[in-house]
Amino acid sequence: MKKYLQFALMIFCMSVVFTSCKDDDDSDDAAVEAYKLKNEQAFAAKANDPDFFKVSIQGSGDDFVYAKRIKQGDGPVIYYNSRVTVYYKGWLIDSKEGEYFDQCVPYSAPAKFAVSSASSNYSYTYGGVPSPITGWTIALQNMVVGDKWEVWIPQKLGYGSNEKDNIPAYSTLIFEIEVIERTSEVAGTSDTEDYKIS
């Protein structure tokens, strides 16, 4: 009889432990859902901000970003297969003033990006010119050299359900992007090749 009581006590303790672990998982899930909702609401609120406009590209379906023009450029347009040189800084909806998760600003060397995977030659082994997140691809194709925009990117066009370094999953991303130069147009071309109109 004593063995049965010990066995029953052990089963009871295990069920309490597993139940408390499930409660922790439930509270984590609730916190993630609350964070996701807060970010989705912040993005959606830009629809009512008169300084922002909706930006999309042909073939992106219902996907879009919001942008605010800070400075109007007068340079060449940027295409899907372009490579660009930019200054940028990125932050989250809850970031404090001057708190960025990433930045490449005018007092540092500018960053080079392929506008899309069509012009990227990046590999983890050999380096190269990387392509950005989808939200950047949409914004850049609507910009010209010299433009400086604040761009709000919904989580599904950013990192979605994945965490990235110090960026939590489901984050709306905010970037200030300034296009300095369009460097080339075709995948595999050098960064110094001039754009040729055929």
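Note: the structure precedes this text.
For every chain, the first residue of its written sequence is number 1, and the numbers climb from 1 along that sequence. It should be noted that, the model being predicted, local features are given only for residues of pLDDT at least 70 and side-chain atom pairs only at 80 or more, the latter also being counted only at that level, while totals for whole chains, interfaces and linings use all residues. Side-chain calculation: all heavy atoms of the structure are included, whereas hydrogens and water are not.

**Q** Sorry if this is basic, but what is going on with the packing of aromatic side chains here?
**A** Two descriptors summarise a pair of aromatic rings, namely the distance from one centre to the other and the angle between the planes of the rings. The rule is short: rings of Phe, Tyr and Trp, with Trp giving its six-membered ring, pair when the centres are within 6.5 Å, and they are stacked under 30 degrees, edge-to-face over 60, tilted in between. Inspection of every chain in the model, using the stated rule, returns twelve aromatic pairs. Centroid distance Trp 136 to Phe 175: 5.3 Å. Interplanar angle 85°. Geometry classified as edge-to-face. Taken together, the residues span a long stretch of sequence, with Trp 136 in helix α2 (residues 134-140) and Phe 175 in strand β7 (residues 173-184) at a distance of 39 residues. Neither residue differs from the other here; Trp 136 and Phe 175 are each classed as buried. Members of the aromatic cluster, connected to one another through ring pairs, are Tyr 88, Phe 101, Phe 113, Trp 136 and Phe 175. In this structure, Lys 46 packs its charged tip against the face of Trp 152, placed 4.4 Å from the ring centre. Helix and strand labels come from DSSP, where a helix needs a run of H or I of at least four residues and a strand needs a run of E of at least two; each type is numbered from the N terminus. Note on exposure labels: buried denotes an accessible area under 20% of the residue type's maximum, exposed denotes more than 50%, and partly exposed covers the range between, all computed with a 1.4 Å probe on protein chains only. Any Lys NZ or Arg CZ that is within 6 Å of a ring centre and within 35 degrees of that ring's normal is treated as a charge sitting over the ring.

**Q** What should I look at first to understand the environment of Leu 37 in this one?
**A** Secondary-structure assignment places Leu 37 in helix α1 (residues 2-45). Sequence separation between Leu 37 and Ser 171 is 134 residues, and the spatial gap between their C-alpha atoms is 9.7 Å.

**Q** How should I be thinking about the side chain of Thr 137 in this particular structure?
**A** Assignment of secondary structure puts Thr 137 in helix α2. Polar contacts involving the side chain of Thr 137 include one to the main-chain carbonyl oxygen of Val 115, which spans 2.6 Å. What makes two residues a contact is simply this: any of their non-hydrogen atoms within 4.5 Å. Apart from residues lying up to four places away in sequence, Thr 137 is in contact with Tyr 80, Val 115, Ser 116 and Pro 132. Counting of polar contacts relies on pairs of N or O atoms within 3.5 Å, with two restrictions inside protein: one atom must be capable of donating a hydrogen and the other of accepting it, and residues adjacent in sequence are counted only when both atoms are side-chain atoms.

**Q** Can you help me understand the nonpolar core in this one?
**A** One broad rule of soluble globular proteins: the nonpolar side chains tend to lie buried together. In terms of nonpolar packing, the biggest core is built from 30 residues, with Val 86, Trp 136, Ile 153 and Phe 175 touching the most fellow members. Looking at this core, the elements that each hand over two or more residues are β2 (65-71), β3 (83-92), β5 (111-114), α2, β6 (148-153) and β7. Excluding its chain neighbours within four sequence positions, the residues that come into contact with Val 86 are Cys 104, Pro 110, Ala 111, Phe 113, Trp 136, Ile 177, Glu 178, Val 179 and Ile 180. Each nonpolar core is a collection of buried residues, namely Ala, Val, Leu, Ile, Met, Phe, Trp, Tyr and Cys, held together in the definition by side-chain atoms within 4.5 Å. Counting residues in each nonpolar core, the second largest holds eight residues, with Phe 52, Phe 64, Tyr 66 and Trp 91 among its members.

**Q** How should the pattern of salt bridges be read in this particular structure?
**A** Here the idea is simple: oppositely charged side chains can pair when their charged atoms come close. Salt bridge, as used here: a side-chain nitrogen of Lys or Arg that lies within 4 Å of a carboxyl oxygen of Asp or Glu. Considering all chains together, one arrives at seven salt bridges under this definition. Where Glu 178 meets Lys 71, a salt bridge forms, and the shortest distance between an N and an O atom there is 2.9 Å. Here Glu 178, found in strand β7, pairs with Lys 71, found in strand β2; they are 107 residues apart in sequence, far enough to count as distant. Assessed through its relative accessible area of 14%, Glu 178 is described here as buried. What you see here is one network of salt bridges that share partners, running through Lys 89, Lys 148 and Glu 176.

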